[in-house]
Amino acid sequence: FFLRIRRTPRSTQGVSSAASDVYKRQIGSSGVPIASIDIPSGWDVDKGNINHLFCPEMLMSLTLPKTCAKDYKGAHYLGGRFVPNCLTKKYNLDLSLIHIS
C-alpha cells in the first residue's frame, strides 16, 4: 500500500486543508507502519509534527536531517551518497550503503 500526499509550497508549509488532515489522521491511526521520506506530510519544516497528524515508524532524511526531525523518536536513516566528504567529516555522518532486497 502506498499513498502520496502532496506537500504544500514552502510559503504555506504547515498549513493544511481540512480534507488532507483527515486522511493523514486516518493513516496515522490505521496501525499500518508508515515510512516517510525527508519531511513527513503535514509536518512543519522547522517545528515538526505541530499538528499531531501522524508519526512515521521510519524516517529517511535526504542529504542531512531536517530541523523538523530534531524531536523524532523513531528509526531515522540518512540517505544520499552525494553528500560531500567535507560535510560527512564535519558532522561525523555515517552514510553506509543500505541494501534492500
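Residues numbered from 1 in each chain as written. Predicted model: local features only at pLDDT ≥ 70, side-chain atom pairs only at ≥ 80, totals over all residues. Heavy atoms only, no water.

Two side chains that carry opposite charge are able to pair once their charged atoms sit near each other. In the structure shown here, the tally under the stated rule is one salt bridge. A salt bridge links Asp38 to Lys66, with the shortest nitrogen-to-oxygen separation between them at 2.7 Å. Here Lys66 lies in the loop between β2 (58–62) and β3 (75–79) and Asp38 lies in the loop between β1 (35–37) and β2, a separation of 28 residues in the sequence. For Lys66, a relative accessible area of 23% puts it in the partly exposed group. (Salt bridge = Lys/Arg side-chain N within 4 Å of Asp/Glu carboxyl O. Helix = DSSP H or I, 4+ residues; strand = E, 2+ residues; numbered from the N terminus. Buried < 20%, exposed > 50% of the residue type's maximum accessible area, 1.4 Å probe, protein only.)

Looking now at unusual backbone geometry. Of note in this structure, Asp38 is not a glycine but carries a positive phi near 70°. The phi dihedral of His52 falls on the positive side, at around 50°, and the residue is not glycine. Mapped onto the elements of the fold, His52 is located in the loop between β1 and β2. Look at His52 and you get exposed, because its relative accessible area is 64%.

What follows covers the environment of Ser41. In this fold, Ser41 is placed in the loop between β1 and β2. When the C-alpha atoms of Ser41 and Asp21 are compared, they prove to be 9.5 Å apart, with 20 residues separating the residues in sequence.

This brings us to the confidence of the model for the protein chain. Overall, the predicted model of the protein chain reaches an average pLDDT of 76, with 73% of residues at or above 70. Taken element by element, the predicted model of the protein chain shows its lowest mean pLDDT in helix α1 (residues 18–28) (74) and its highest in β1 (90). Every residue in residues 1–5 scores below 50 in pLDDT, and together they form four contacts with partners more than four places removed in sequence or on other chains. (pLDDT = per-residue confidence, 0-100. Contact = heavy atoms within 4.5 Å.)

A separate point is the environment of Phe82. Counting through the fold element by element, Phe82 comes out in the loop between β3 and α2 (85–90). In this structure, the C-alpha to C-alpha distance between Phe82 and Thr63, residues 19 residues apart in sequence, is 7.3 Å.

It is worth spelling out the sheet that holds β2 at this point. Here three strands make up an open sheet; going across it, the order is β1-β2-β3 and the pairing parallel. Here the strands that pair on one side only, and so sit at the sheet edges, are β1 and β3. Sheet twist, expressed as the mean angle between neighbouring strand axes with direction ignored, is 20°. (Pairing = 2+ DSSP bridges. Axes fitted to C-alpha atoms, helices over the stretch in contact; angles between N-to-C directions.)

Let us now look at the pairing of β2. Judged from the three bridges that link them, β1 and β2 form a sheet pairing that is parallel. Across the sheet, Ser36 pairs through a bridge with Leu59, a residue of β2. Pairing analysis gives five bridges linking β2 to β3, with the strands arranged parallel. Directly across from Met60, in β3, lies its bridge partner Tyr77.

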